[in-house]
Structure formats: structure tokens, C-alpha cells
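Chains, contacts and geometry: an overview
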Amino acid sequence: MNRHLTLKQFRYFLAVAESDSVAAASRMLNIAQSAITKSVLELEDALGLQLFERSPKGMRLTPEGHRFLVKARRVIGAVADATRGVPQTTEALGGTLAVGVTSLVAGYYLSEVFARFKRTCPGVDLHVVEDAPPFLEHLLINGELDIAIMVSNALGEPQALVAETLTRSPNRVWMAADHPLAAQAEVGLAECAAHDQIVLQADRIELLMRSVWARHQLKTRAVLKTSSLEAVRSLVGVGAGLAVLPDFLYRPWTLDAEHVEVRTLRDAVPTVDVGLVWRRGSQPRAEVLEFIEVARDQSRSRRPVA
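In what follows, the accompanying structure is described. As the structure is a prediction and not an experimental result, all values here were calculated from the model.

1. A short note on the sheet that holds strand E5 (residues 147-151)
Ordered in space as E4-E3-E5-E13-E6, the five strands form an open sheet in which the pairing is mixed. Where the open sheet ends on each side, the last strands, each with one partner, are strand E4 (125-130) and strand E6 (161-169). Ignoring which end each strand starts from, the neighbouring axes of this sheet average 20 degrees apart. Here strand E3 (residues 96-101) pairs with E5 via three bridges, running parallel. Bridge pairing links Gly 100 to Ala 148 in E5. Along the sheet face, helix H6 (residues 103-120) touches E3, E4, E5, E6 and strand E13 (272-279) and points at about 180 degrees away from the line of E4.

Here it is in C-alpha cells:
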């Protein structure tokens, strides 16, 4: 087994993993499909692992592929850190930085930003507060938090806050492998509304979708509303209903090893944006500005480039 790996292989792998197809990755990177396919096959051969399940519907990560995805993002992030360099001024930064985060975002975005900021600014005491969006906004406005990472396109007090988007996540439909809609490559909102829904009540995601259903004059039936993402995943996996959720939350397997299928929506649905939020009119300290720059770098490193 050849263990020689290249950064190009990591980047092409990330492009396919995050777009679910070689064709979409090709458009994203402006690289020939054949080159991407060859690179991914060489990577699988070097690792001795099958990273993707291939089907006419696209490329789906295997369990091994999901585990490698985490490592690949760390590698690209480390390269971004190294090429960016650490300005001498950051070494002298100290004091405390108070960062707010919601429960969903904490599980998917906080760890990498936290680790990279601690490497860049080891003298800063990073204090993290996890809470619901309304309370984080309250703390930001009162000056009790310096900055927050949260869903940034559903703020309750947008006039008092500044939001900078780090990533936009499209919504897709989650369903069991044997769900009637699983035979289709794309589904419409009206088709989804005709089936039972499992609703995630977290980070104002339900609020965003409620406005979508209302705009299309569709009524849905929720068999369960829960703040537990794993409960949503498990119930979808056993066929209790379907869910419309952002891609950054998707994982193909439940805790009971049931498979969760995902389908693209035919109708236009707003993305769920995750970003930095801070108080409007405030003058961010040097520690806050450095945290913002680290978060921007981390976000850029998650976007594959040629």
C-alpha cells in the first residue's frame, strides 16, 4: 500500500465530500472530472480504504470516509495556519475573551476555531458560554460577551448586532432509505408537506422553515418537535417521518446504525448561515479582532480550493 499523500488529494476529496458528486466538485474547482476521479481513487488506494459509495445519485461518504473527512479538514486547516503565519503581536495578547456559542454550532464549528485560536494566542484566556440564541444576543448587547458563533441569518435583534457569515448551508430533506420519496433524486416542498415531519427545535432552524412553509402556503404535520438532533436522526432513520435540515448537521448513520438518506429540494429554500455576531457600534479589542481573523481563516480552509 502506497502511503504517499498530497495536498491536492486532500482538497479534491473535500470538494467531492462537500458537494456529493464529482461533477459538482469539478465545477467548484474548475478542474476536469477525470482528474478529480483519478485523485480520489489514488487517495483510497493509498489509505487502503473505500471513502465513497458510488451510485447514479452521486458520491456518498462511507463511515470510513466520514472519519477521514474530519482528519482532512484538520490537515487543510494546519496548512492554512502555517501559510498565514503568526504575527509577533499576537504572542503578547492576553486577558480574557468571552465567546458565545449555541449547542448545535458548538458541535460542528467550535472545536477547530478554539484550537487554532489557542495556538495563535496562547496568552488569552478563552471563556466559552453555550446558551440559546436569544440569551446570547442579550449577553452580546449588554457587553457580557465579546463575540458569538451562531446561526446568523435569524437574529432576533439584528439592528443591535453585526453579523458576518462564515458558511452557508443549504437545506435538504432527510428520510429513511425505504421512504416513498427516496426513489426520487429531488423532491418538492409540497411532496414533503404530505408526509409526517420530525422537527428540530434548535438555533431558530424551526423558525426559518416555518416561514418557508407559510410562504408556499403549505401545512405540515409534526409527529415530534425536539431539541435533540440525535432524536431527529434516529426517528428519521426508522421511518417515523422526514426532516428538512441544513447540510452541516447531516450524518448518514443513526446511533442504532440505521441509514439516513438525503435528497435535494426542488424548490428554492433559504440557506442556514453560521457566522460571527458582535454588538453594533462596539470597538473590538485586539483579542476579538484576532479571533475574527482565525474564524475567517478556519472557514476558508473548509472550502476546497484547486
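Next comes the rest of the description.
2. So, the environment of Thr 96
Looking at the element boundaries, Thr 96 is found in strand E3. Thr 96 gets classed as partly exposed once you look at its relative accessible area, which sits at 43%. The spacing of Thr 96 and Glu 44 is 52 residues in sequence and 44 Å in space, taken between C-alpha atoms. Beyond its immediate stretch of four places on either side in the chain, Thr 96 contacts Asp 125, His 127, Asp 146 and Arg 285.

3. Examining the pairing of strand E2 (residues 58-61)
Pairing of strand E1 (residues 52-55) with E2, which is carried by four bridges, proceeds in the antiparallel orientation. Bridge pairing links Ser 55 to Gly 58 in E2. The hairpin formed by E1 and E2 contains two residues between the paired strands.

The rules behind the values
- Residues numbered from 1 in each chain as written.
- Predicted model: local features only at pLDDT ≥ 70, side-chain atom pairs only at ≥ 80, totals over all residues.
- Heavy atoms only, no water.
- Pairing = 2+ DSSP bridges.
- Helix = DSSP H or I, 4+ residues; strand = E, 2+ residues; numbered from the N terminus.
- Axes fitted to C-alpha atoms, helices over the stretch in contact; angles between N-to-C directions.
- Contact = heavy atoms within 4.5 Å.
- Buried < 20%, exposed > 50% of the residue type's maximum accessible area, 1.4 Å probe, protein only.

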